[in-house]
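Analysis of the macromolecular model
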Amino acid sequence: MIHSLRKLFDLREDQDEPEAIDASVRAGVRFAGTNLWVLFFAILVASVGLNVNSTAVIIGAMLISPLMGPIVGLGYAAAVNDFGLIRQSARNLGTFTGLSLLTSLVYFSLSPLDVPGTELMARTTPTLWDVLIAAFGGAAGMVALTRKGFSNVVPGVAIATALMPPLCTAGFGLANGRWEMFAGAFYLFLINGVFIAASTLAVAKLVRLPSVADVGPAVRSRHRAFITLGLALVLVPSVWLGWRFVQQEVFAADAQALLRSVEADERFAVVGQGIDRAERRISITVVGADAEQRLRDRAPLLLAEHRL
């Protein structure tokens, strides 16, 4: 049975030749001609989509963006010990990122629409779940990249890992002096980039792609320590943000239950209500003779009953 399971999950049956995989990765890393023009247009499409709050347009920008190429190149190069490709991928990724920020900054500086919609705000609060999406999406993308022939996995990976919208959101933050938006969006981009590269490295090792150069045990240990430290530094803030997100959701669920209890009480006529997750505040507007005082008297019992 174990042998059957191993055969079922074996990735080497339809794996492409190492030379073809290497050529495909290097083509994605390249920073010239087609890739450069497609990146420029993808930035503008994503910026417009975020600006007018259009999900369909944003998805289109994700599909045409070549931004994942240098990130996959970093992970692949680290797995096969190709230090020249690591330098090229890092240099091109920095250029891609700078161009994306500059283009989105110029667009949002010129755009008359400066009120952030839900699509922009959705890219400003990364959590641990974004780490998982980036890691699993990057792994799926690398598995698809090592297969023979065309795979329909790559478009889905491009949408799931969403590299372009956070960068454009960071550009919006720069253009409008919204530094909290810039920090949150750029951190989301950092999460996606780091964990896509890490999962690419892991899959490349799993399918046993041949190394370009031999490295000694000391160098290998130093590289592992560097990669582990980098992953930890990016991961820790997302764990805290994820914990805070869970606490806010729990508070919101308990608050909804409290509001239902108040609405069911015939002594109160509730005409307004609100829940502020971040401030942990519940607002209730009631009308009727002495309704406010009765609600204030009952509030401690209600809060204790709903663990608030």
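Before any of the text, the structure's been laid out above.
In this report, we go over the structure that sits alongside the text. Bear in mind the structure is a predicted one, so any value in this text is a computation, not a measurement. (Residues numbered from 1 in each chain as written. Predicted model: local features only at pLDDT ≥ 70, side-chain atom pairs only at ≥ 80, totals over all residues. Heavy atoms only, no water.)

Focus on the overall build of the protein chain
In terms of regular secondary structure, the protein chain is built from 13 helices and two strands. Here the C-alpha radius of gyration of the protein chain, 25 Å, is well above what a compact globule of 308 residues would show, namely 19 Å. Along the three orthogonal principal directions, the C-alpha set of the protein chain runs to about 80 × 60 × 35 Å. Here the protein chain holds 308 residues, and the buried ones make up 37% of them. Of the side-chain charges in the protein chain, 26 are positive and 24 negative, and the distance between the mean point of each set is 9 Å. (Helix = DSSP H or I, 4+ residues; strand = E, 2+ residues; numbered from the N terminus. Rg over C-alpha atoms; globule rule 2.2 N^0.38 Å. Buried < 20%, exposed > 50% of the residue type's maximum accessible area, 1.4 Å probe, protein only. Lys, Arg positive; Asp, Glu negative; His and termini not counted. Charge placed at Lys NZ, Arg CZ, Asp CG, Glu CD.)

Topic: the packing of aromatic side chains
Aromatic rings in a pair are described by how distant their centres are and how their planes are angled relative to each other. Taken as a whole and assessed by the stated rule, the structure comprises eight aromatic pairs. Ring geometry for tyrosine 107 and phenylalanine 108: centres 5.2 Å apart, planes at 75°, overall edge-to-face. Here tyrosine 107 falls in the partly exposed class, since its relative accessible area comes to 21%. Note on phenylalanine 108: relative accessible area 3%, which makes it buried. Through successive ring pairs, a cluster of aromatic residues spans Trp37, Phe40 and Phe41. (Phe/Tyr/Trp six-rings, centres within 6.5 Å; stacked < 30°, edge-to-face > 60°.)

As for the nonpolar core
Formed by 50 residues in total, the largest nonpolar core has its most connected members in Leu67, Tyr76, Met142, Leu163, Met164, Ile196 and Leu209. For this core, the leading source of residues is helix 11 (residues 179-206), giving 11 residues. Ignoring sequence-local partners within four residues, the contact set of leucine 163 consists of Leu67, Met68, Ile71, Phe189, Asn192, Gly193 and Ile196. (Core = buried A, V, L, I, M, F, W, Y, C linked by side-chain atoms within 4.5 Å. Contact = heavy atoms within 4.5 Å.)

Some thoughts on the environment of leucine 74
Structurally, leucine 74 can be placed in helix 5 (residues 68-80). Spatially, the C-alpha atom of leucine 74 lies 8.6 Å from that of glutamine 88, the residues being 14 residues apart in sequence. When sequence neighbours within four positions are dropped, the list of residues in contact with leucine 74 reads Ile86, Ser89, Ala90 and Leu93.

Re the environment of valine 236
Structurally, valine 236 is set in helix 12 (residues 217-264). Valine 236 gets classed as exposed once you look at its relative accessible area, which sits at 55%. For valine 236 and threonine 146, which are 90 residues apart along the polypeptide, the C-alpha to C-alpha distance reads 31 Å.

Comments concerning unusual backbone geometry
One non-glycine residue with positive phi stands out, namely asparagine 53, at about 65°. Relative to the helices and strands, asparagine 53 is located in the loop between helix 3 (34-51) and helix 4 (55-64). Phi at asparagine 81 takes a positive value of approximately 60°, unusual for a residue other than glycine. Within the secondary structure, asparagine 81 is located in the loop between helix 5 and helix 6 (83-110).

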